[in-house]
Amino acid sequence: MNNWGIVGIGRIGLSMARKMSDKSINLSLYDKIFENKSDPILEEKKLYPELKKVSVFNDILNFIESIERPRKILILVPSGNPNEQVISKLITILSDNDIIIDAGNTNPLISYRNKLKIAKNNILYLGIGVSGGTQGVLEGPSIMVGGDNSAFKKVKDDLSLITSKTIENSKSYDFFGDSNQGHFVKMIHNGIEYVEMQLIASIYKLLFDSNNYNNQSIAQIFEDWNNNLNSYLIDISTQKILEKIDDKYLLEKIDDVAEDNGTGRWMLNYGVELGCSLSMLSSAMDTRFISKLQSERNEINKNIKQSSKKYKVDVNSLKSAYKFCSLVNFIQAFCLINAANKTYNWNISISKVLNVWSNGSIIKSSLINDLYSNYSVENILSDKKIIKDLNHCKSDVINIIMLSLKNDISIPCFNDALNYFNSISSNSLSTKMIQAQRNFFGSHSIKIK
Ligand code: 6PG
């Protein structure tokens with residue numbers, strides 16, 4: 001009998017199978033596409049010796065029968081319909097106290113619904129967010145768990161085997177609360193990831209379009225910055241800047257349309273629901289949306305006067321502006337967690353979240369460690385240090401935004417960060433007038449200072 005089953009052997013599923021098997025966890029594997037195949041992962045078994053021990057099934061019932069009870073079934077199929085179908089099928093064939101572990105990027109609202117559906121059948125549910133991508137999973141992913149606490153106790157030793165060392169010397173997984181809170185924390189992770197990706201993309205664009213830097217010199221700047229930023233996203237961006245296809249840089253060959261898997265949209269919905277500003281994420285998402293209007297953009301571009309640009313960028317100022325924006329990105333995300341804790345009566349600890357993200361995750365960086373160690377992250381808006389740091393970098397953000405405006409370069413997220421800081425640090429907002437206008441036509445009462 002095997003200890004665990006994995007359903008969904010795509011890229012992440014395969015990495016997870018390799019990692020778990022490497023740690024001597026006995027595995028059964030099943031994927032819908034294995035049906036009618038006699039030895040579905042023969043090639044992979046040749047490539048990766050650690051997979052030799054796994055049992056592979058092309059029939060879901062035989063797969064289930066091969067796992068000891070209570071069964072631990074890890075689902076790694078794409079969120080949405082495929083994921084829902086697997087859960088619906090498993091409910092009909094699993095036994096009491098078996099555990100369904102949904103490791104996809106599932107919308108927290110759906111994982112809540114799934115938990116209720118699963119519980120009716122006396123099956124336990126864990127919704128876990130897994131960060132790290134195919135390589136990160138092999139090296140030790142960051143895992144954010146929510147769901148049934150007794151189920152968590154049954155899987156935690158194995159999670160400990162496959163995760164990485166964190167900043168507080170624990171392993172990069174943790175339990176954040178019942179039902180959908182693991183997927184919620186993963187959704188927040190992804191929102192931060194989208195903004196960080198956009199900031200790096202904006203910086204690359206500003207430098208490249210200045211005609212003073214080429215791919216080599218920009219990669220060098222990123223590499224220098226990363227000596228102390230230690231950011232996974234800066235690191236992979238540097239590698240991508242230098243990547244070539246047929247003697248041409250990749251970034252000169254690929255188009256500019258960026259897709260998304262939905263996690264950023266869900267987070268924006270939570271922001272609206274809870275009344276929290278997520279202006280940086282909104283701007284990062286807008287940029288992806290606008291990128292899809294490719295033919296429209298190309299047409300409009302023909303009617304715009306193009307001036308050939310050459311401008312100087314103060315790289316130190318740019319680094320400081322980047323720090324400012326990254327800090328605001330985390331502030332907005334932390335405020336959403338706080339609002340969710342308050343409204344839903346949750347108890348997600350931001351320090352615990354940062355600890356789990358400090359290794360194995362896509363957003364791992366020195367900034368995460370710095371926030372964890374040196375700021376009051378649970379009450380970030382009352383933290384004097386972060387306000388001092390932002391104030392210190394503010395003039396650099398203004399300089400960088402002015403440079404971008406003068407040269408018609410769109411650098412999404414920078415302006416949103418500055419605007420947020422200006423608003424959050426103001427004791428007299430323009431909403432004074434909104435209050436007065438509402439009073440005029442809506443007969444809303446007026447609040448006097
Ligand atoms: C991770 C990532 C990952 C996510 C991709 C794709 O932590 O490993 O967040 O889970 O699915 O980054 O996101 P988009 O396709 O929406 O860019």
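Residues numbered from 1 in each chain as written. Predicted model: local features only at pLDDT ≥ 70, side-chain atom pairs only at ≥ 80, totals over all residues. Heavy atoms only, no water.

Undergrad: Sorry if this is basic, but what is going on with the overall build of the protein chain here?
TA: A tally of helices and strands in the protein chain yields 20 helices and ten strands. In summary, the protein chain has a C-alpha radius of gyration of 24 Å against a globular reference of 22 Å for 449 residues, a match within 12%. With respect to the three principal axes, the spread of C-alpha positions in the protein chain is 65 × 65 × 45 Å. Evaluated residue by residue, the protein chain yields a buried proportion of 51% over its 449 residues. Of all intrachain contacts in the protein chain linking residues separated by at least 6 positions in sequence, the fraction that spans at least 24 positions is 72%. As displayed, the protein chain has an accessible area near 22,000 Å², and 49% of this comes from carbon and sulfur atoms. (Helix = DSSP H or I, 4+ residues; strand = E, 2+ residues; numbered from the N terminus. Rg over C-alpha atoms; globule rule 2.2 N^0.38 Å. Buried < 20%, exposed > 50% of the residue type's maximum accessible area, 1.4 Å probe, protein only. Contact = heavy atoms within 4.5 Å. Areas by Shrake-Rupley, 256 points an atom, 1.4 Å probe, with all protein chains shown as cover.)

Undergrad: Explain the state of the cysteines here, please?
TA: By definition, a disulfide is the covalent link that joins the sulfur atoms of two cysteine residues. Enumeration over the complete set of coordinates arrives at zero disulfides. Looking at C325, it has no disulfide partner, and the nearest cysteine sulfur is the one in C413, 7.7 Å off. The cysteine C393 is free of any disulfide, with C325 supplying the nearest cysteine sulfur at 9.3 Å. Taking the relative accessible area as the measure of exposure, C393 reaches 3% and is therefore buried. (Disulfide = S-S within 2.5 Å.)

Undergrad: How should the site of the ligand be read in this particular structure?
TA: The immediate surroundings of the ligand are formed by 13 residues, with S131, K186, E193, Y194 and N261 found nearest. At 2.5 Å, a side-chain N or O of S131 approaches an oxygen atom of the ligand. Between the ligand and N261 there is a distance of 2.7 Å, counted from an oxygen atom to a backbone nitrogen or oxygen. Relative to its unbound accessible surface of 420 Å², the ligand loses 75% to contact with the protein. Looking at the shell around the ligand element by element, the count peaks at five residues for helix 8 (residues 181-208). Its residues assigned to classes, the shell around the ligand comprises two nonpolar, seven polar and four charged. (Near = heavy atom within 4 Å. Polar contact = N/O pair within 3.5 Å; in protein donor to acceptor, adjacent residues only side chain to side chain. Nonpolar A, V, L, I, M, F, W, Y, C, P; charged D, E, K, R; others polar.)

Undergrad: Sorry if this is basic, but what is going on with the side chain of T263 here?
TA: As for its position among the elements, T263 is in helix 12 (residues 263-274). Owing to a relative accessible area of 2%, T263 belongs among the buried residues under this scheme. Only 3.0 Å separates the side chain of T263 from the side chain of N190, close enough to count as a polar contact. If near-sequence neighbours (up to four positions away) are discounted, T263 is found in contact with N105, M187, N190 and Y194.

Undergrad: Looking at this structure, I do not really get the packing of aromatic side chains. What am I missing?
TA: To describe a pair of aromatic rings, one takes the distance between the centres and the angle between the planes. As enumerated under the stated definition, the model contains 13 aromatic pairs in all. R18 extends its terminal NZ or CZ atom over the ring of Y48, reaching a point 3.6 Å from the ring centre. The positively charged end of R288 is found above the aromatic ring belonging to Y194, 4.1 Å away from the centroid. (Phe/Tyr/Trp six-rings, centres within 6.5 Å; stacked < 30°, edge-to-face > 60°. Lys NZ or Arg CZ within 6 Å of the ring centre and 35° of its normal.)

Undergrad: Would you explain the side chain of D383 in this entry?
TA: Here D383 lies in the loop between helix 17 (366-374) and helix 18 (384-406). Lacking a salt bridge, the buried D383 has K385 as its closest oppositely charged neighbour, with an N-O distance of 7.1 Å. A distance of 2.8 Å separates a polar side-chain atom of D383 from the backbone nitrogen of K385. Apart from the residues within four sequence positions on either side, D383 is in contact with Y375 and S376. (Lys, Arg positive; Asp, Glu negative; His and termini not counted. Salt bridge = Lys/Arg side-chain N within 4 Å of Asp/Glu carboxyl O.)

Undergrad: I would appreciate a short explanation of the pairing of strand 7 (residues 142-147) in the present structure.
TA: Within a regular strand, the side chains alternate between the two sheet faces. When you tally the buried positions in strand 7, you get six out of six residues, the bulk of the element. By the alternation rule, side chains of strand 7 split into S142, M144 and G146 and I143, V145 and G147, which are all buried. Relative to strand 8 (residues 173-175), strand 7 runs parallel, the two being bridged by three bridges. What sits directly across from V145, in strand 8, is F175. As a crossover connection, the stretch from strand 7 through helix 7 (residues 149-162) into strand 8 is right-handed. (Pairing = 2+ DSSP bridges. Right-handed = clockwise from strand over helix to strand, strands pointing away.)

Undergrad: Is there a simple way to explain the pattern of salt bridges in this structure?
TA: A pair can form between side chains of opposite charge whenever their charged atoms are brought close. This model, assessed by the stated rule, comprises 15 salt bridges. Of the charged contacts in the structure, one is a salt bridge between K352 and D174, with a shortest N-O distance of 3.9 Å. Here K352 is found in helix 16 (residues 350-357), whereas its partner D174 is found in strand 8, with 178 residues between them in sequence. In this structure K352 comes out as partly exposed when scored by relative accessible area, which is 32%. K205 is paired through a salt bridge with D209; the nearest N and O atoms lie 2.7 Å apart.

Undergrad: How should the pairing of strand 4 (residues 67-75) be read in this particular structure?
TA: Pairing analysis gives five bridges linking strand 1 (residues 2-7) to strand 4, with the strands arranged parallel. Residue pairing in the sheet places W4 in a bridge with K72 of strand 4. Sheet topology note: the strand 4/strand 5 (residues 99-102) ladder contains four bridges and is parallel. Within strand 5, the position partnered with K72 by the bridge is I99. Between strand 4 and its parallel partner strand 5, the chain crosses via helix 4 (residues 81-93), and the hand of that crossover is right-handed.

Undergrad: Help me out: how do you make sense of the environment of K323 in this one?
TA: Position of K323 relative to the elements: it lies in helix 15 (residues 315-344). Once the C-alpha coordinates of K323 and S395 are considered, the two residues, 72 residues apart in sequence, prove to be 12 Å apart. With residues near it in sequence (within four places) discarded, K323 still touches D389 and C393.

Undergrad: For this particular structure, what's the right way to read the sheet that holds strand 4?
TA: Strands belonging to one sheet form pairs held by backbone hydrogen bonds; the direction of such a pair is parallel or antiparallel. If you walk across this open sheet you meet the eight strands as 3-2-1-4-5-6-7-8, and the pairing is mixed. Unpaired on one side and paired on the other, strand 3 (55-57) and strand 8 mark the two borders of the sheet. Going from strand to strand, the sheet's axes swing by 20° on average, the running direction of each strand aside. Relative to strand 7, strand 6 (residues 124-131) is paired through six bridges, and the arrangement is antiparallel. Each bridged residue has a counterpart across the sheet, and for V130 the counterpart in strand 7 is I143. Against the sheet, helix 8 makes contact with strand 5, strand 6 and strand 7, and its axis sits at roughly 15° relative to strand 6, the strand it touches most. Together, strand 7 and strand 8 form the strand contacts of helix 16, whose direction differs from that of strand 7 by roughly 140°. (Axes fitted to C-alpha atoms, helices over the stretch in contact; angles between N-to-C directions.)

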